[in-house]
Amino acid sequence: MKKKKNSNVINLIKDSKMNVAIIIFAAILLYVAISVVISMKKEPVATYKVGDSDISDNISCTGIAIRNEIVVKASRSGYITYFTRNNDKVRKGSAVCTIDDTGSIISSSESPEAEGITLTQKDYQEIRKTISLYKTNYEDIDFYKVYNFKDEISSKILDVANQVLVDKLHSDKKVGSAFQYMYSPVSGILCFYTDGYENKKVENITAADFNASAYVKNSFASGDIVNSDSVVYKMVEDEKWNIVCKLSKNDVERLKEKEYLEININNSNFNLYTSFEIIEKTGEYFLNIPMKKYMSTFANERFLNVEIMLDSYEGLKIPNSSIVRKKVYLLPKEYAAAGGNSSNKNKVYRQAVDSEGNPTIEQITLDIYDERDGFLLVNPDTFKSTDVLVQLDTNNHLSVSLLASDDINGVYLANEGVAQFIEVKVERPGDEFTVVSTGGSLRKYDNIIMDSSKVKENQTIY
């Protein structure tokens, strides 16, 4: 029988290893749980992505065109055929149209001679211009204008279609008593529509006249049946005309220092400079703009979109809540120095004491926001109120406590997860958003703190 040997090996308890691992895992789990609870209790910090903005401070208003318009009425009933086109300029005594008792001219439109009508380049330009103007000014709330638009397009196309008939009538020497020519009473621009505003004058315009939803425009075209004493066309003989706009009291205040206005009509590609006058009637304010040209350009328009050019602002759009005011020191530029091999003067020297208690000079880096009239606007957190700055080349000294201070506007930049203050220059304040300059440190697409009151400078936000 073999004798057991005494063993000097001590067996470790396996459970002790497991206990250590469990303790470590539990500690990690507890840390994660506490971090989650703290983050859930922490109010989230909202950020805003900076976008650019092109804001104008212009005044947009609706204008009514007031012209010297002469209406011409038919002396007999019948079918009308025009010899000239709408908006053409005609001389006094020119044949404008004919009235046909029998309708023989209209029926001749079905003849072979009337077939194959083609549009000229001018015809296409006129139709495209009418469509483009309608599309530019279209709004769902003004859908009723589509009927006026339809009439205008129909009138233009019918003008082209009837030009063949006009040419045929002119070549026919056998014109009987069934036809009656009508001649232009004056020289001017020919218009084939009425709207009830023909006799309006600047002095009798009222606020009710600007109700575009009640506006009715009656257009004329060849082939229409007219009654005796009904209007068949009108003439505008004078290039002098007026545009009358209705303004608010606030708009009037903005214009009271002006002598001349720069305006744009119907989003045209040119602006006009003109004199003006403000008329007040029974608590309502009207802007009267006298015009001496471009009447024919807008002869077929009664309501005009007028934009009064004042100021425009291009910059970056930020919420008002993101703007924060910060105190800065005004440091004389001559105290700034370049450090090392750099030519950038963003350092300053100040008096200090070394570890042995001996006086010395140390260099610190400035946090510069801007410069103004020979001063650098620097972050006051860089200094202590007891610091003394030194200008080495002159040995001049300046106590920080004597530095002048000011407040500047800024935002907290959040691109790197830290609320970093940067200066912004306000171009145009608004009710909810402000336009700031693009020339500073802020850039388009930067992330900034939405509400600056929720954080402190250099706070970690995520």
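*Asks:* Pulling in residues and values, what's your account of the overall build of the protein chain?
*Replies:* Counting its regular elements, the protein chain contains five helices and 32 strands. Scored against the burial criterion, the 462 residues of the protein chain give a buried share of 38%. As displayed, the protein chain offers around 27,900 Å² of accessible surface, 51% of which is attributable to carbon and sulfur atoms.

*Asks:* Any details on the pattern of salt bridges? Residues and values, ideally.
*Replies:* All chains considered together, the criterion is met by 17 salt bridges. When the shortest N-O distance is used, the salt bridge between K234 and E69 registers 2.9 Å. Taken together, the residues K234 in strand β13 (residues 231-236) and E69 in strand β4 (residues 69-73) connect sequence positions 165 residues apart. Of the charged contacts in the structure, one is a salt bridge between D251 and R254, with a shortest N-O distance of 3.6 Å. Linking D251 with R254, this pair stays in helix α5 (residues 249-255), spanning three residues, or about one helical turn. Here D251 falls in the buried class, since its relative accessible area comes to 15%. Residue R254 is classed as partly exposed on the basis of its relative accessible area of 27%.

*Asks:* I'd like to hear about the environment of I361, residue by residue, with values.
*Replies:* Within the secondary structure, I361 is located in strand β23 (residues 359-365). When its relative accessible area of 39% is taken as the criterion, I361 is described as partly exposed. It is 9.2 Å that separates the C-alpha atoms of I361 and L389, two residues lying 28 residues apart in sequence. Excluding residues that lie within four positions of it along the chain, I361 makes contacts with Y349, R350, Q351, V390 and L392.

*Asks:* So, the sheet that holds strand β26 (residues 388-391): which residues are in play, and what are the values?
*Replies:* What the four strands build is an open sheet, ordered β23-β22-β26-β27; its pairing is antiparallel. Because the sheet does not close on itself, it has two edges, and the strands there are β23 and β27 (396-399). Adjacent strand axes in the sheet meet at a mean angle of 40°, parallel and antiparallel pairs treated alike. Relative to β23, strand β22 (residues 347-353) is paired through seven bridges, and the arrangement is antiparallel. Across the sheet, residue A352 finds its bridge partner in β23, namely T360.

*Asks:* Would you mind going over the nonpolar core in detail, with residue names and values included?
*Replies:* Counting residues in hydrophobic clusters, the biggest one holds 39 residues, and the most contacted among them are I243 and I308. Within the residue set of this core, elements represented by two or more residues are β3 (59-66), β9 (188-191), β14 (241-247), α5, β15 (261-265), β18 (284-291) and β19 (303-309). Those residues within four positions of I308 in sequence are excluded, and the remaining contacts are N58, I59, C61, L255, L261, E262, I263 and L287. Counting 17 residues, the second-largest nonpolar core is a separate cluster that includes V72, Y82, C97 and Y233.

*Asks:* Any details on the sheet that holds β9? Residues and values, ideally.
*Replies:* On the basis of which strands lie adjacent, the open sheet formed by four strands has the order β4-β13-β9-β6 and antiparallel pairing. Here the strands that pair on one side only, and so sit at the sheet edges, are β4 and β6 (89-90). Note that β9 and β13 share three bridges and pair antiparallel. Bridging across to β13, L190 finds its partner in M235.

*Asks:* Hey, could you go over the pairing of β3 for me, with residue numbers and the actual values?
*Replies:* When a strand is regular, its side chains alternate between the sheet's two faces. The buried fraction of β3 is high, at six of eight residues. Where β3 meets β19, six bridges bridge the pair, whose relative direction is antiparallel. Across the sheet, residue I59 finds its bridge partner in β19, namely I308. Where β3 meets β14, four bridges bridge the pair, whose relative direction is antiparallel. Bridge pairing in β14 links I66 to N242.

*Asks:* Before we move on, could you go through the side chain of D387 and cite the residues and values that matter?
*Replies:* Examined against the element boundaries, D387 turns out to sit in the loop between β25 (375-378) and β26. Judged by relative accessible area, D387 falls into the buried class, the value being 9%. Of the polar contacts made by the side chain of D387, one reaches the side chain of R350; its length is 2.8 Å. Contacts of D387, omitting those with residues within four sequence positions, involve R350, L398, S399 and V400.

Cut-offs applied
Counting restarts for each chain, with residues numbered from 1 along the sequence as it is written. The predicted origin of the model limits local features to residues at a pLDDT of at least 70 and limits the giving and counting of side-chain atom pairs to 80 or more, whereas totals for whole chains, interfaces and linings rest on all residues. Side-chain numbers here rest on the full set of heavy atoms in the structure, without hydrogens or water. Runs of E in the DSSP output that reach at least two residues are strands. Runs of H or I that reach at least four are helices, and both are numbered from the N terminus. Burial classes follow relative accessibility: with a 1.4 Å probe on protein chains only, a residue under 20% of its type's maximum area counts as buried, one over 50% as exposed, and anything between as partly exposed. Only the protein chains shown count as cover for residues, with accessible areas throughout obtained via the Shrake-Rupley method and a probe of 1.4 Å. Salt bridges are defined by distance alone: a side-chain nitrogen of Lys or Arg within 4 Å of a carboxyl oxygen of Asp or Glu. The contact criterion used is simple: two residues touch if any of their non-hydrogen atoms lie within 4.5 Å. By definition, two strands form a pair when at least two bridges between them are found by DSSP. Think of each axis as a best-fit line through the C-alpha atoms, taken over the contacting stretch in the case of a helix, with angles from 0 to 180 degrees between the N-to-C directions. By convention a nonpolar core is built from buried Ala, Val, Leu, Ile, Met, Phe, Trp, Tyr and Cys residues, the set being connected through side-chain atoms within 4.5 Å. Identification of polar contacts relies on pairs of N or O atoms within 3.5 Å, with a donor-acceptor requirement for protein atoms, meaning one able to donate a hydrogen and the other able to accept it, and with residues adjacent in sequence counted only if both atoms are side-chain atoms.

Interpretation note: all reported values are geometric properties and have no functional meaning in isolation.
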